[in-house]
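# Structure at a glance
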There are 2 protein chains.
Amino acid sequence: MEGDNMNFPSTEHLPQTPLLVVDRAALERNLARMQALCDAAGVRLRAHGKTHKCSTLGRLIIERGAVGLCCQTVGEAEAYVAGGIQDVLVTAPSPPWGAARLAALAKTGARIGAVADDEGQIDRLSDAAVAAGVTLDLVVDLDLGTHRAGAYPKDALRLARAADAAPGLRFAGLQAYLGHLQHMDDLDLRKSADEAAFATLKALVAELTEAGLPPPVVTGGGTGTHIYDLASGVYTELQAGSYAVMDVEYDACGAPGGQAWGFEPAMAIAATVVSANHKSHVTVDAGFKAVSMDGPPARVVAGAAPGSLWRAMGDEHGMIAHLSLIDVLKAGGRDPLGFDKAVAEADADPARAWPADAPRVGDIVWLQPGHCDPTINLYDALHVWDGETLERWAVDGRRVSK
Amino acid sequence: MEGDNMNFPSTEHLPQTPLLVVDRAALERNLARMQALCDAAGVRLRAHGKTHKCSTLGRLIIERGAVGLCCQTVGEAEAYVAGGIQDVLVTAPSPPWGAARLAALAKTGARIGAVADDEGQIDRLSDAAVAAGVTLDLVVDLDLGTHRAGAYPKDALRLARAADAAPGLRFAGLQAYLGHLQHMDDLDLRKSADEAAFATLKALVAELTEAGLPPPVVTGGGTGTHIYDLASGVYTELQAGSYAVMDVEYDACGAPGGQAWGFEPAMAIAATVVSANHKSHVTVDAGFKAVSMDGPPARVVAGAAPGSLWRAMGDEHGMIAHLSLIDVLKAGGRDPLGFDKAVAEADADPARAWPADAPRVGDIVWLQPGHCDPTINLYDALHVWDGETLERWAVDGRRVSK
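With an unreviewed UniProt entry as reference, chain A is termed Alanine racemase, source organism Caulobacter vibrioides. Quoted verbatim from the Sequence similarities (unreviewed entry) field of UniProt, the annotation for chain A is "Belongs to the DSD1 family."

Given below as structure tokens:
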């Protein structure tokens, strides 16, 4: 199973738990692999910083060949520029307060791109750029089915003209991110839906070129569709991010093209067993506040018997359910009194053995996150393990309010 | 509906979004109400800091009459002591690395309590206390059905004796937190299960008293059972936390005793509309990284037409679905291509009107969190609105790794 190649530090190297640990060697293999794929396809890599919110990792990705980073929020862009990254595209339309802050970032000399899906956004960015005496790259954001942000294709030319005409802005191209396709289990459907979007994009590029506004860049794509995106012939820039560390959700939905993933799980949470009074499960110090709950449950990858399951038990705790006693937990179901009864009966039953290989208090259990991005967002640092030392990389793009 | 009394600052007072805003007046009413209930019952209030992780709010609760705070993690305890709080109980068994750090905290002169549910934990805390030359309060943690941490009642006397005999520790009493009952929809069952636990606790207090180890404190209870806990005659300390700000989950499950809640929603997320190209919904800048996903969805409480729904659309975005067009979204179901089709068809249908009262780009929509604790954990500050100014209170107990 994927994830079994991760290298974990031993307990004496861990300052505390829960700790989010990255295997440096696996990370480097992932970065090299994606850069090689992009180079071979002649597509610029603009890795998505929303995954890691970490300027140290961002700089590393750029050192390995990426042209810059993208990000979702103004705060992330500020952290990246402060961290020495000179080319940042904010891939979501910004709230009104964001325009002046993006213009201020461009004032430092960094190349700052913003997206817009309506004229009001273009006007606000233009006003802010003029006021600051800078030029911002303006990318027209297109909605090809995700319906989160972006304009319908029919509005692309109108918005491109508005961007081109607006003082302080440079029309920098088109963006189309197909978020709704990234985790689609049906690989044929994932591919055909992605390719249908490419056809729309190609037609738009032709339309804008004919109108005298050839898009300098067509940016988008993600880890779940990267094989198709790189072969599309229309994207000139790939925005994948999760490939750097991977997660349970991407492992589960399968790689595009039906091949094995070229990327390895490179990140896991170190959790400590803090209570072990039951035959069915032990309790670790990783709950909702250490493991994001939007995706599939975190997966036990080391430190407990094969097949053991993590399930949340509140803000700061999770259970590690022993495989041999999953039936006890199932008997309890979702009813908290049923769970109480099943666990207590199993513990009281002298015929039931304690699993000999269950973790004990103080043991470390390693969990691969269900969804990497929002789990990283719960930590103030990545702890990067190179086999000898544990290095702390600040998650400096995490939500900071002023 | 509850939550409609919250007071929100206008847009020009908001430095950015998403921002977590607390209505100071509603907060103060909640604090006063719980303190009055505890005072009337003759029970000490030891509010649970895991809810807010904010030493400023913790000090306020103590100024209003609480005896101290409790918390779940060693890091929270450190933040509270650094923030001037002198009496802190860590309510979950700590990992091995925690013992020396708790002893170091006690060395500053603060009163520090730790819980244990096995002898190994007691030994480690004793060793650390002796090494630091301090005394730690040791509370025996009991499991009365939650099965997250805690010893079975049959083991209480043994552990109390071990705590009493261990150098560096003071046997400080019993803890029983009934997490599994807090949100039970069936109020009769919530009450009867709580009362069954009180009977067990009373028998244990008698057993320990007879053995010469009367528990100085019996601590536990929560917002969802506080009426029963305060009337129990056995708890001498109440550990409720959520009452300070409330959330959708507590609103939904109803107050103990079948009365209306004596506590008001006092906290909401300010989110900005950043995209509005569809008849069915607009998009705001609050997704998984601004709204914890472990509980029910956040509830729209202001800024959009009554009945509008928030649903997550990824890391940094959510949709505000307009009530009149919920059917469009339902038609799409969980299939991302179905969602695409339903939204696109509605937008293309000239017979369908755009809702006149839909929010526009730049508007602020206010969301009450589904579950308060892990949502606060996503922010580095609470922004407290008193009707005139917005004050920043750091969430200084949020996970900090060293």
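What follows continues from the structure just given.
### Comments concerning the overall build of chain A
Each helix and strand in chain A was counted, giving 12 helices and 17 strands. The C-alpha radius of gyration computed for chain A amounts to 23 Å, which stays within 12% of the reference 21 Å derived for 402 residues, consistent with globular compactness. Considered along the principal axes of its C-alpha atoms, chain A spans approximately 80 × 40 × 40 Å. For chain A, long-range pairs separated by at least 24 residues make up 70% of all intrachain contacts whose partners lie at least 6 apart in sequence. For chain A, the centre of its 34 positive side-chain charges and the centre of its 51 negative side-chain charges are spaced 3 Å apart.

### Some details on the environment of H317(A)
Assignment of secondary structure puts H317(A) in the loop between β13 (309-312) and β14 (318-321). According to the relative accessible area criterion, H317(A) is buried, its value standing at 4%. Sequence-wise, H317(A) and T272(A) are 45 residues apart; in three dimensions their C-alpha atoms are separated by 9.8 Å. Once you skip the residues sitting within four places of it in the chain, H317(A) turns out to touch V274(A), T283(A), V284(A), D285(A), A286(A), G287(A), A312(A), Q72(B), A92(B) and R148(B).

### Comments concerning the packing of helix α1 (residues 24-41) of chain B against helix α2 (residues 55-63) of chain B
Residues and elements named next belong to chain B. Following both chains from N to C, one finds α1 and α2 inclined at 45°, their axes separated by 10 Å at the closest point. Considered as vectors, α1 and α2 are oriented oblique to each other. Taken as a pair, α1 and α2 cross one another with a handedness that is right-handed. Taken together, the residues of α2 that come into contact with α1 (itself represented by R24, L27, E28 and L31) are L57, L60 and I61. A breakdown of the residues in the contact of α1 with α2 according to their chemical character gives 5 nonpolar, no polar and 2 charged.

### Side note on the interface of chain A and chain B
Of the residues lining the interface, 77 residues belong to chain A; the matching set on chain B comes to 77 residues. Between chain A and chain B, the buried area comes to about 6,100 Å², and carbon and sulfur atoms account for 52% of it. Its largest share of buried area at the contact with chain B, chain A owes to H147(A), R148(A) and R399(A), together 13% of the area lost on that side. Taken together, the links from chain A to chain B amount to 2 salt bridges. With a closest N to O distance of 2.9 Å, K53(B) and E316(A) form a salt bridge. On inspection of chain A and its partner chain B, the count reaches 30 residue pairs in polar contact (both at pLDDT 80 or more). Secondary structure elements with two or more residues in the side of chain A that touches chain B: α5 (119-132), α7 (187-210), β10 (267-275), β11 (281-284), α11 (336-348), α12 (372-376) and β16 (381-385) of chain A. Looking at the side of chain A that touches chain B, the element that brings in the most residues is α11(A), giving 7 residues.

### Comments concerning the sheet that holds strand β9 (residues 237-238) of chain A
Hydrogen bonds between backbone atoms are what pair the strands of a sheet, whose relative direction is either parallel or antiparallel. One closed barrel accounts for 8 strands, arranged β2-β3-β4-β5-β6-β7-β8-β9 (chain A); its pairing is parallel. Packed onto the sheet, α7(A) meets β6 (136-142), β7 (169-176) and β8 (217-220) of chain A and runs at close to 160° relative to β7(A).

### Here's the deal with the environment of F171(A)
Residues and elements named next belong to chain A. With respect to the element layout, F171 can be found in strand β7. Taking C-alpha positions, F171 is 28 Å from M34, a pair spaced 137 residues apart along the chain. Dropping the residues within four chain positions of it, F171 is found in contact with L138, V140, A160, A163, D164, L208, L213, P214, P215 and P216.

### What to know about the UniProt feature "domain: D-serine dehydratase-like" (unreviewed entry) in chain A
UniProt records the feature "domain: D-serine dehydratase-like" (unreviewed entry) at residues 266-386 of chain A, using the numbering of this structure. Secondary structure content for residues 266-386 of chain A is 21% helix and 29% strand, and the end C-alpha separation is 12 Å.

### So, the pattern of salt bridges
Where charged atoms from two side chains of opposite charge come close, those side chains can pair. Residue and element names in this part refer to chain A. In the structure shown here, the tally under the stated rule is 38 salt bridges over all chains. We note a salt bridge from R24 to E28, for which the minimum N-O separation is 3.0 Å. Highlighted residues: R24 and E28, both in helix α1 (residues 24-41), separated by 4 residues, approximately one helical turn. Residue R24 is classed as partly exposed on the basis of its relative accessible area of 22%. Between E264 and R29 there is a salt bridge, with its nearest N and O atoms 2.5 Å apart. On the criterion of sequence distance, the pair formed by E264 in the loop between α9 (248-253) and β10 and R29 in helix α1 is long-range, its members being 235 residues apart.

### Overview of the domain arrangement of chain A
All names here are of chain A. What the domain assignment reports for chain A is domain 1 (25-246) and domain 2 (267-394). Once you take the C-alpha centre of each, domain 1 and domain 2 turn out to be 37 Å apart. Contacts between domain 1 and domain 2 engage 13 residues on the former and 9 residues on the latter. Interface of domain 1 and domain 2: buried area, both sides summed, is about 960 Å²; carbon and sulfur atoms make up 62% of it. Among the residues of domain 1 in contact with domain 2, T51, V245 and M246 are the three that bury the most area, contributing 37% of the side total. Counting across the domain 1 and domain 2 interface gives 0 salt bridges. Inspection of the domain 1/domain 2 interface yields 1 residue pair in polar contact (both at pLDDT 80 or more).

### Quick look at the state of the cysteines
This structure, assessed with the given rule, holds 0 disulfides over all chains. The thiol of C38(A) is unpaired, and the distance to the nearest cysteine sulfur, on C70(A), comes to 12 Å.

### Digging into the relation of the copies chain A and chain B
Laying chain A over chain B is done by rotating through 180° and shifting 0.0 Å along the axis; what remains is an RMSD of 0.0 Å. Each copy turns onto its partner about a two-fold axis. Relative to the rotation axis, the C-alpha of M293(A) is the closest in chain A, positioned 2.8 Å from it.

### Observations regarding the nonpolar core
If you look at the biggest cluster of nonpolar residues, it comprises 209 residues, and the most contacted ones within it are Y243(A), L367(A), L382(A), Y243(B), L367(B) and L382(B). Ignoring any residue separated from it by four or fewer positions in sequence, one finds Y243(B) in contact with N30(B), L31(B), M34(B), L45(B), A47(B), I61(B), T223(B) and F263(B).

What counts and how
- Residues numbered from 1 in each chain as written.
- Chains lettered and ligands numbered in written order.
- Predicted model: local features only at pLDDT ≥ 70, side-chain atom pairs only at ≥ 80, totals over all residues.
- Heavy atoms only, no water.
- UniProt positions renumbered as here; feature names shortened; annotations may be inferred.
- Helix = DSSP H or I, 4+ residues; strand = E, 2+ residues; numbered from the N terminus.
- Rg over C-alpha atoms; globule rule 2.2 N^0.38 Å.
- Contact = heavy atoms within 4.5 Å.
- Lys, Arg positive; Asp, Glu negative; His and termini not counted.
- Charge placed at Lys NZ, Arg CZ, Asp CG, Glu CD.
- Buried < 20%, exposed > 50% of the residue type's maximum accessible area, 1.4 Å probe, protein only.
- Axes fitted to C-alpha atoms, helices over the stretch in contact; angles between N-to-C directions.
- Parallel < 35°, antiparallel > 145°, perpendicular 65-115°, else oblique.
- Left-handed = near helix turned anticlockwise from the far one by under 90°.
- Nonpolar A, V, L, I, M, F, W, Y, C, P; charged D, E, K, R; others polar.
- Buried area = accessible area lost by both parts, 1.4 Å probe.
- Salt bridge = Lys/Arg side-chain N within 4 Å of Asp/Glu carboxyl O.
- Polar contact = N/O pair within 3.5 Å; in protein donor to acceptor, adjacent residues only side chain to side chain.
- Pairing = 2+ DSSP bridges.
- Domains from an automatic or database assignment.
- Disulfide = S-S within 2.5 Å.
- Least-squares fit on C-alpha atoms with pLDDT ≥ 70 in both.
- Core = buried A, V, L, I, M, F, W, Y, C linked by side-chain atoms within 4.5 Å.

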